[in-house]
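Analysis of the macromolecular model
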Amino acid sequence: MIKLIENLNDYDFSSFENDVFFQRICSDYELCSTFNDSLFYVSVRNNNVDAVISKIKGTVTLSLLNETDLAEINEFLSVIGYYVILCDESFSEYFSGEKTSGNILKIAAEKKSICKAEMLYSEKLKDMYDLVENVFYLDVDYMNWFADMSHKIRHNSAALCGIYADNKLVSAAFSLFETEKSAVISSVATSDEYRNKGYATEIVNALLSRNSGKTVYVFTENESVDNWYKKIGFNEHKKWSEIKNVL
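Described in the following lines is the structure provided in the data block. (Residues numbered from 1 in each chain as written. Predicted model: local features only at pLDDT ≥ 70, side-chain atom pairs only at ≥ 80, totals over all residues. Heavy atoms only, no water.)

Evaluated as defined, the whole model comprises 15 aromatic pairs. Ring centres 5.2 Å apart and planes at 70° place the aromatic pair Y129 and Y142 in the edge-to-face group. Of this pair, Y129 sits in helix α3 (residues 125-135) while Y142 sits in helix α4 (residues 142-154), placing them 13 residues apart in sequence. Residue classification places Y129 among the buried positions, given a relative accessible area of 11%. One aromatic cluster is present, formed by Y129, Y142, W145, F146 and F174 through successive ring pairs. Cation over ring: K126 sits above Y142, and NZ or CZ is 5.6 Å from the ring centre. (Phe/Tyr/Trp six-rings, centres within 6.5 Å; stacked < 30°, edge-to-face > 60°. Helix = DSSP H or I, 4+ residues; strand = E, 2+ residues; numbered from the N terminus. Buried < 20%, exposed > 50% of the residue type's maximum accessible area, 1.4 Å probe, protein only. Lys NZ or Arg CZ within 6 Å of the ring centre and 35° of its normal.)

As structure tokens, this is what we get:
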């Protein structure tokens, strides 16, 4: 049976605590549970939770166990509708749509020596947006992106770290979906002319220091990025899958 969550503390999630997708759902619950476009569900079988589901606007995140009734989950998602599903790749074959996948790497974070990297705050978000837009391209306008990221930073669910040179932000990254147990490093970006100076490594180490004592993850899409993170100390964990609903 799939139920709408009224209070996350009403359930025993001990089987999910080491799942990065569950930790992401917990972070979203703390940030968004009062929003009308954010819904959270559990699947309960024999009085035990076997799936946790969030729907934030059109994005569904799934934290699933091997014993989860995936046919029931698939049918439920077809009823509530979604634009994209994010889940462990091992479950992706049960959902139809355009699939993208990659690796999840993880590390037990500890204090690192920090040199040029510094923690930044909401007033620096425009600099970050311009940098990431230049390096990766962002499919979202600045005001919507700013509202989302500044909300996360204010509620201690995210942090921005960067390095300035020549009076401009030249390298930066985010720590996202921060909980008591984990965090995800994302959007590591360095301007072309400032690469190969060790800036990105310093920034990742600064974010690891911020999350010392937690398990920190990165979601990657190519082997060269994997190898770079492995040099810092990350290890292969599992694979992620994103499934876009094809209308």
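Applying the stated criterion across every chain yields a total of 12 salt bridges. Between K181 and E17 there is a salt bridge, with its nearest N and O atoms 3.9 Å apart. One end of the pair, K181, is in the loop between β9 (168-176) and β10 (182-190); the other, E17, is in the loop between β1 (2-4) and α1 (20-32), with 164 residues separating them in the sequence. Among the charged side chains, a salt-bridge network with shared partners connects R45, D50, D69 and E72. (Salt bridge = Lys/Arg side-chain N within 4 Å of Asp/Glu carboxyl O.)

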